[in-house]
Amino acid sequence: MIDQILVSMAATIAFAVLFHVPKSEYLLCGMNGAIGWMVYLFCTSKGTGGPVASIWATLALTLIARILSAVRKMPSTVFLITGIFTLVPGTGIYYTSYYLVMNDLEQCIAKGMETFKIAGAIVLGIIFGLMLPQSWFNQLGKVWKRKV
Amino acid sequence: MSESKEILNLAISVGEVLLKSGGEIYRVQETVTRILEAYGIQDYHVFVITNGIFATVSEQQEDAGSMVRYVPIGEVNLKRVAEVNQLSREICEKKCSITEAHEQLEQCRNSASAGNLALVLACGVGSAGFCYLLGGRIYDSMVSFFLGILLEIFLLLAGKYHASRFLMNILGSALVTAGSLTLYVAGAGILSDKVIIGGIIPLVPGVALTTGIRDLFGGDYLSGGIRLMDALLTGMCIAIGVGAMIKIFQLLGGGTLLL
């Protein structure tokens, strides 16, 4: 469990470096990615499939990214793009093309559909996360500023 | 240049940097209009899509101006997005003149938070991390680490020669697959599928997918469509690269099943 948290954090930070995130935000990006991955693992361990787990994980990611962006005065893209990478269906792309080449079309279509489902789930998760009005998050940023 | 044109030039240059570095459409549009307003321009029209910015100011007056910029999809650089965001905030608080803003923009344009070595290492760590997360062992992750490094070196070199993005994705994923399968065939005892998945993760279109959705959500259907199309095609290119390489190895190995 701890290894999963640490590795997902390190991997997300690696992507933060690849996308030239400002150095001061590396750790927060890593944290966001780790939280997304934890939510995903938790959901799948409770028996939901990949797509449903992806919705919850992206929803959590998007909300945290928006909170962080209000608190840190950074565009929310910074946290969202790096965090989402743990959930993007790279596995699906691989197995789809693998089964296609192996001429196992039934598996190929199943994997292909699953890939699209996960991509669609990520879309839904982000959209649900974006639905809350920005003013709430701005308020949160102000409250935070007063405390510090 | 008349003043309105100078202001327009500044605003649209800021927008260009933002758009090129991976900013969403609504952010670019809002930034450009806010800068125009901050310098006192009342009458303006701004239209932004993924590949370009179109803007006119003071259409009905003497000093009317209009500009169009073509902005090819560039390398994602979130530091620039953050810095330009900061700059536009300063402009809106009327803290800087047009010349100062131009100087700051020039700085933003050249800023990057990581050098090539850091990028190469980061790509390795990212590949290794995902290999482990998706079920590889530590041994597999180490192999993935080196393949990730190889991939980023290839991508940097290909970027230098302005190779097409499709070609880069196909060849990049083929490279990772070839590396992994060669080791597998040589009897290194790796889980070749996990290693490949870890290795192709840096190519996966996460940015295009995320930005595309945000554009769609902001009502910019055209731009969102362009991004999602980009994501779809990139995914297909990766699949082609991986698939072709597996097939080649399969043929060379006399039709044995690889996994």
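Just so we're clear, the structure is a prediction, and the values are computed from it rather than from any experiment. (Residues numbered from 1 in each chain as written. Chains lettered and ligands numbered in written order. Predicted model: local features only at pLDDT ≥ 70, side-chain atom pairs only at ≥ 80, totals over all residues. Heavy atoms only, no water.)

With that settled, consider the domain arrangement of chain B. Residues and elements named next belong to chain B. Split by domain assignment, chain B resolves into domain 1 (3-110) and domain 2 (116-252). Each of domain 1 and domain 2 has a C-alpha centre, and the two are 34 Å apart. Carbon and sulfur atoms make up 57% of the area that domain 1 and domain 2 hide from each other, which totals about 1,000 Å². On the domain 1 side of the contact with domain 2, Glu24, Thr50 and Ile73 bury the most area, a combined 43% of that side's loss. Linking domain 1 to domain 2 there are 1 salt bridge. The partner of Arg214 in a salt bridge is Glu24, and the shortest N-O contact between them spans 3.0 Å. Where domain 1 meets domain 2, there are 3 residue pairs in polar contact (both at pLDDT 80 or more). Only helix 2 (25-38) and strand 1 (44-49) provide two or more residues apiece to the side of domain 1 that touches domain 2. (Domains from an automatic or database assignment. Buried area = accessible area lost by both parts, 1.4 Å probe. Salt bridge = Lys/Arg side-chain N within 4 Å of Asp/Glu carboxyl O. Polar contact = N/O pair within 3.5 Å; in protein donor to acceptor, adjacent residues only side chain to side chain. Helix = DSSP H or I, 4+ residues; strand = E, 2+ residues; numbered from the N terminus.)

Attention shifts here to the interface of chain B and chain A. Each side of the interface is counted separately: chain B has 55 residues, and chain A has 45 residues. Between chain B and chain A, a total of about 4,600 Å² is buried, with carbon and sulfur atoms accounting for 75% of that surface. Looking at the side of chain B facing chain A, the largest losses of area belong to Leu78, Leu133 and Phe217 of chain B, adding up to 15% of the total buried there. At the boundary of chain B and chain A, one finds 0 salt bridges. Counting across the interface, chain B meets chain A through 8 residue pairs in polar contact (both at pLDDT 80 or more). The set of elements that each furnish at least two residues to the side of chain B that touches chain A consists of helix 3 (78-92), helix 5 (116-133), helix 8 (192-200), helix 9 (206-217) and helix 10 (221-252) of chain B. (Contact = heavy atoms within 4.5 Å.)

One finds Phe19 and Tyr94 of chain A together with Leu36, Leu78, Ile91 and Ile246 of chain B to be the most contacted residues of the largest nonpolar core, which totals 109 residues. With sequence-adjacent residues up to four places away left out, Leu36 of chain B is seen in contact with Ile7, Leu8, Ala11, Ile41, Tyr44, Val46 and Val57 of chain B. (Core = buried A, V, L, I, M, F, W, Y, C linked by side-chain atoms within 4.5 Å. Buried < 20%, exposed > 50% of the residue type's maximum accessible area, 1.4 Å probe, protein only.)

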